[in-house]
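Below are the chains, spelled out letter by letter.
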Amino acid sequence: MHFFKTLVAFFLYVFFAMPTFSTTLKPDEREEAHRFDVFLLGIKAGELRYHKSVKGKTYSAEAVLKTTGLVALLAPYIFQAKVTGQRLKSLYFPKNYVETSNTGRRITNKEMRYKNQRPTLLTAGERKKYWLKPADQKGTLDPLSALLALLDDAVSFQLCKADLPIFDGERRVLLSLEGPTKLREGGLACKGMYTRLGGFSKQELSDGITFPFYINYHPVDAGYRVTKFSFTTLHGTATFERR
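Residues numbered from 1 in each chain as written. Predicted model: local features only at pLDDT ≥ 70, side-chain atom pairs only at ≥ 80, totals over all residues. Heavy atoms only, no water.

1. Describing the layout of surface pockets
Part 1 of the argument: Counted as a void, the largest pocket has a volume near 800 Å³.
Part 2 of the argument: As for the largest pocket, its lining consists of 40 residues, of which Ser90, Leu91, Tyr92, Ala149 and Asp152 are closest to the centre.
Part 3 of the argument: For the lining of the largest pocket, the secondary-structure elements that each account for two or more residues are strand E1 (29-40), strand E5 (91-102), helix H3 (143-151), strand E8 (163-167) and strand E12 (223-233).
Part 4 of the argument: If one sorts the elements of the lining of the largest pocket by residue count, E5 sits on top with four residues.
Part 5 of the argument: Among the residues forming the lining of the largest pocket, the class breakdown is 24 nonpolar, seven polar and nine charged. (1 Å grid on protein atoms, 1.4 Å probe; cavity = no way out; pocket = protein on both sides within 12 Å on 5 of 7 lines; lining within 4 Å. Points joined across faces, edges and corners; volume = space filled by probe spheres on them. Helix = DSSP H or I, 4+ residues; strand = E, 2+ residues; numbered from the N terminus. Nonpolar A, V, L, I, M, F, W, Y, C, P; charged D, E, K, R; others polar.)

The structure is reproduced here in C-alpha cells:
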C-alpha cells in the first residue's frame, strides 16, 4: 500500500480555502493556495496544503501533507513534494518532480525529470525487483501533477472526464472517473477508481487491485469546485473536507 499511502498523503491536503489571486498578476498568470483537513475513520488525522502557480503555459506547485494532533504523536508523517512543468489547457506535462517523506524514523528522497513525457529517476535507494523501469513509463504523471489535474476547478462538461496514469518512480496506477451524478444537498459527484497496474508485490496485489473513491463538487462562479472527497483503504475510509 506504499503508493496508495502516498496518494493518501496527497489527498491529505483536504481542499483549500478559496484560491487567492494577486491583483498584480497578468491575465495569463494565476496563484492558488489550497488547504484540506483529513479524517480517517471519522477522526481528524492530518492536513494537506498546496500552492499552485500558473504563468502562461508553465506551472509549478508545492505540497505538504502531515499528520496532526494525536495521530501525529502515534504516527508522525510529513510528505513534501514540488513539481514544475507545462500546462496546455487542462493537461499537465511535468518537467521536474521532487518529493521527501519523513516517518520520524526514516527520511526518503526522490527526484524525477521528464524528457518527451518520459521520466528519469535521478535519486532513489535500492530498488526492488518488481518495481517498474522509469524508461517504460512514457506519458505518465507524477503524483502531484495528478492531484492538480484531479482537483482543479472544472466546468460542467469537464467533470468526471479524468483518466490519469501515474508513476511515482516505482509503481504505476490509473485514476479514472465516471459520472457525474446529482447530490441530494446540491452539487455533483464523480465516482472514481484507483487501479494498480504494475510495480506491486504479490502480497500488495493480494490485498487488492482496485479501490473506489468519490469526489463532491459544488458550483462556483467559474464552474464547479471540489468540496469533499473520500476513498476506501484496507484500514477504512479516508475523507477530505475543504476547511
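2. Focus: a nonpolar patch on the surface
Part 1 of the argument: Taken together, Leu70, Leu73 and Leu74 make up a surface patch of nonpolar side chains, about 400 Å² in accessible area.
Part 2 of the argument: With respect to the element layout, Leu70 can be found in helix H2 (residues 69-74).
Part 3 of the argument: By relative accessible area, Leu70 is classed as exposed at 59%. (Patch = residues over 30% accessible without salt bridge, like charges linked within 9 Å, V, L, I, M, F, W, Y side chains within 5 Å. Areas by Shrake-Rupley, 256 points an atom, 1.4 Å probe, with all protein chains shown as cover. Salt bridge = Lys/Arg side-chain N within 4 Å of Asp/Glu carboxyl O. Buried < 20%, exposed > 50% of the residue type's maximum accessible area, 1.4 Å probe, protein only.)

3. Details of the packing of aromatic side chains
Part 1 of the argument: In the structure shown here, the tally under the stated rule is five aromatic pairs.
Part 2 of the argument: Arranged with centres 5.4 Å apart and planes meeting at 75°, the rings of Phe36 and Phe229 form a pair that is edge-to-face. Highlighted residues: Phe36 in strand E1 and Phe229 in strand E12, separated in sequence by 193 residues. Each of the two residues, Phe36 as well as Phe229, counts as buried. (Phe/Tyr/Trp six-rings, centres within 6.5 Å; stacked < 30°, edge-to-face > 60°.)

4. Things to note about the environment of Lys115
Part 1 of the argument: Within the secondary structure, Lys115 sits in strand E6 (residues 107-115).
Part 2 of the argument: By relative accessible area, which is 64% here, Lys115 ends up exposed.
Part 3 of the argument: Sequence separation between Lys115 and Lys138 is 23 residues, and the spatial gap between their C-alpha atoms is 9.1 Å.

5. Here's the deal with the pairing of strand E2 (residues 43-55)
Part 1 of the argument: Both E1 and E2 contribute to a ladder of 12 bridges, which runs antiparallel. Paired with Phe36 across the strands is Leu48, a residue of E2.
Part 2 of the argument: Counting the residues in the hairpin turn of E1 and E2 gives two residues, including Leu41, whose phi is positive at 55°.
Part 3 of the argument: Hairpin connection, E2 to strand E3 (residues 58-67): the antiparallel pair is bridged by two residues, and Gly56 has positive phi, about 65°. (Pairing = 2+ DSSP bridges.)

6. Digging into the pattern of salt bridges
Part 1 of the argument: A full pass over the atoms with the stated rule returns 14 salt bridges.
Part 2 of the argument: Lys52 is paired through a salt bridge with Glu32; the nearest N and O atoms lie 3.8 Å apart. Here Lys52 is found in strand E2, whereas its partner Glu32 is found in strand E1, with 20 residues between them in sequence. Comparing Lys52 with Glu32, the two get one shared label, buried.
Part 3 of the argument: Glu47 serves as the salt-bridge partner of Arg243, at 3.6 Å between the closest nitrogen and oxygen. In this pair, Arg243 is assigned in the segment after strand E13 (236-242) and Glu47 in strand E2, connecting sequence segments 196 residues apart.
Part 4 of the argument: For Arg243, a relative accessible area of 44% corresponds to the partly exposed category.
Part 5 of the argument: Each of Arg35, Asp37, Lys44, Glu47, Arg49 and Arg243 takes part in a single network of salt bridges with overlapping partners.

7. Here's the deal with the pairing of E8
Part 1 of the argument: Among the five residues of E8, four are classified as buried, and the element is accordingly described as predominantly covered.
Part 2 of the argument: Pairing of E8 with strand E9 (residues 172-182) involves five bridges; the strand directions are antiparallel. Note on E9: the bridge partner recorded for Phe167 is Arg172.
Part 3 of the argument: Connecting the antiparallel pair E8 and E9 is a turn made up of four residues, with Gly169 showing a positive phi of about 100°.

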